[in-house]
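# Summary of the model geometry
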Amino acid sequence: MIVLGIETSCDETAAAVTGDGARILSSVVASQIPVHHPFGGVVPELASRNHVAAIVGVVRRALEEAGLSLRQVEGVAVTRGPGLVGSLLVGFSFAKALAYGLKIPFIGVNHLEGHIHSAFFADPLPRFPFVALLASGGHTALYRVAHHLDWALMGKTRDDAAGEAFDKVAKMLGLGYPGGPAIDRIAREGDPRAIRFPRAWLDPESFDFSFSGVKTAVKRHIETHSDFKKTIPHMVAAFQEAVVDVLVGKAVRAARVSGCRHLALVGGVAANARLRERMAAAAAEKGIAVSIPPASLCGDNAVMIAHAGYHRLRRGERSPLQEDVFSRHLPVKRWTPGNRLDP
Ligand code: KG4
Ligand code: ZN
């Protein structure tokens, strides 16, 4: 089944064509980073307007690269939420109109389920059941994935997302937007033990995260050290280590507690070199295999949306054409040792 995937939840206009879910025929991602860079973060109205300007060209390119015409597309999958409403509406309405015009099935996809599905493009592939650590600019959460469409939330951030903390710390230090890649690069020249920033483990049983404390600690360090500019590599290395410690510690414990021998690392922050290295080492020590998708599929993309959409379409799911987008989380299944439903 040829599925066209479309993603416009934040600041990337993306389209992809996949065959039977996992065969990538094309993937196009038009980044808006240059548009938002001067503002140090995503400006929602500019994001929506740029999606409007970009979407036709991005979809056309995805079809051209796949060597297919619109008539050969058999289903359309599009991100329905969570995300910026104005941005979501562009891709969602476009996809809907396309499916209506072509008289083919249409499915709205949860962006978070999409990120989980990027794990199916990793080498090695994760085997069910596995734990997925999603760490991006908008979300940080742990899921236990029992099957393609059966996943349960184990814990999530109570304040900032991990990527958001990277972005905010980078902004404080004048390292530009997005901050994650800059910190990743500069931290290699620093000593992570030079400064001790706090780790928020919360209560020992919890799989929730909190990154606002470490962000504030960095801010205080800047305010109390007038010569902080001389030690930026040490500061970012120490900050990164504090975030990575908690992500790795909780993810590995989540896998062990929920009986999983496989762990997947997804979302934009999965591109972080230190996180990849520390996760691989900690998991290997416990006999857990780690799957990380290629960097091009860690950040927002439409391949993951097409893959998740394919699995939903294949089991007969369809979204009604009057369906709306959603901006915040929908109630999801929560993991408990007995895996009961808990909205
Ligand atoms: O998944 P993504 O593209 O968008 C969201 O759904 O949020 O993630 C973007 C986030 C940004 O916060 C960015 O700073 C972070 O991922 N990021 C990184 C790295 N590359 C991207 N964070 C740490 N290290 C990186 N190498
Ligand atoms: Zn995302």
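Structural data are supplied above this passage.
Cut-offs applied
- Residues numbered from 1 in each chain as written.
- Chains lettered and ligands numbered in written order.
- Predicted model: local features only at pLDDT ≥ 70, side-chain atom pairs only at ≥ 80, totals over all residues.
- Heavy atoms only, no water.
- Pairing = 2+ DSSP bridges.
- Helix = DSSP H or I, 4+ residues; strand = E, 2+ residues; numbered from the N terminus.
- Axes fitted to C-alpha atoms, helices over the stretch in contact; angles between N-to-C directions.
- Contact = heavy atoms within 4.5 Å.
- Near = heavy atom within 4 Å.
- Polar contact = N/O pair within 3.5 Å; in protein donor to acceptor, adjacent residues only side chain to side chain.
- Areas by Shrake-Rupley, 256 points an atom, 1.4 Å probe, with all protein chains shown as cover.
- Buried < 20%, exposed > 50% of the residue type's maximum accessible area, 1.4 Å probe, protein only.
- Arc of directions from axis to C-beta.

Read across the open sheet, the five strands follow the order S3-S2-S1-S4-S5; overall the sheet is mixed. The open sheet is flanked by strand S3 (23-31) and strand S5 (106-110), the only strands paired with a single partner. Here the strands of the sheet are splayed against their neighbours by 20° on average, with no regard to which way each runs. The strands touched by helix H2 (residues 44-66) are strand S1 (2-7), strand S2 (12-19) and S3; relative to S2, the strand with the most contacts, the crossing angle is about 25°. Sitting on the sheet, helix H3 (residues 85-102) touches S1, strand S4 (75-81) and S5, and the angle it makes with S4 is about 155°.

What surrounds ligand 1 is a group of 21 residues, the closest being Gly137, Asp167, Asp184, Gly268 and Asn272. In this structure, an oxygen atom belonging to ligand 1 sits 3.1 Å away from a main-chain N or O atom of glycine 163. Contacts to ligand 1 include glycine 180, whose backbone N or O atom sits 3.0 Å from an oxygen atom. Taking 550 Å² as the accessible area of ligand 1 by itself, protein coverage stands at 87%.

Every buried residue belonging to helix H5 (residues 162-172) is among Ala162, Gly163, Ala165, Phe166, Val169 and Ala170, and all of these are buried. End-on, the buried residues of H5 take up no more than an arc of 160°, which puts them together on one face. On its buried face, H5 sits against strand S6 (130-135), strand S7 (140-147), helix H6 (179-187), helix H7 (212-224) and helix H8 (232-257). Backbone geometry just after H5 places glycine 174 at a positive phi near 70°.

All we've got here are geometric facts, nothing functional implied.
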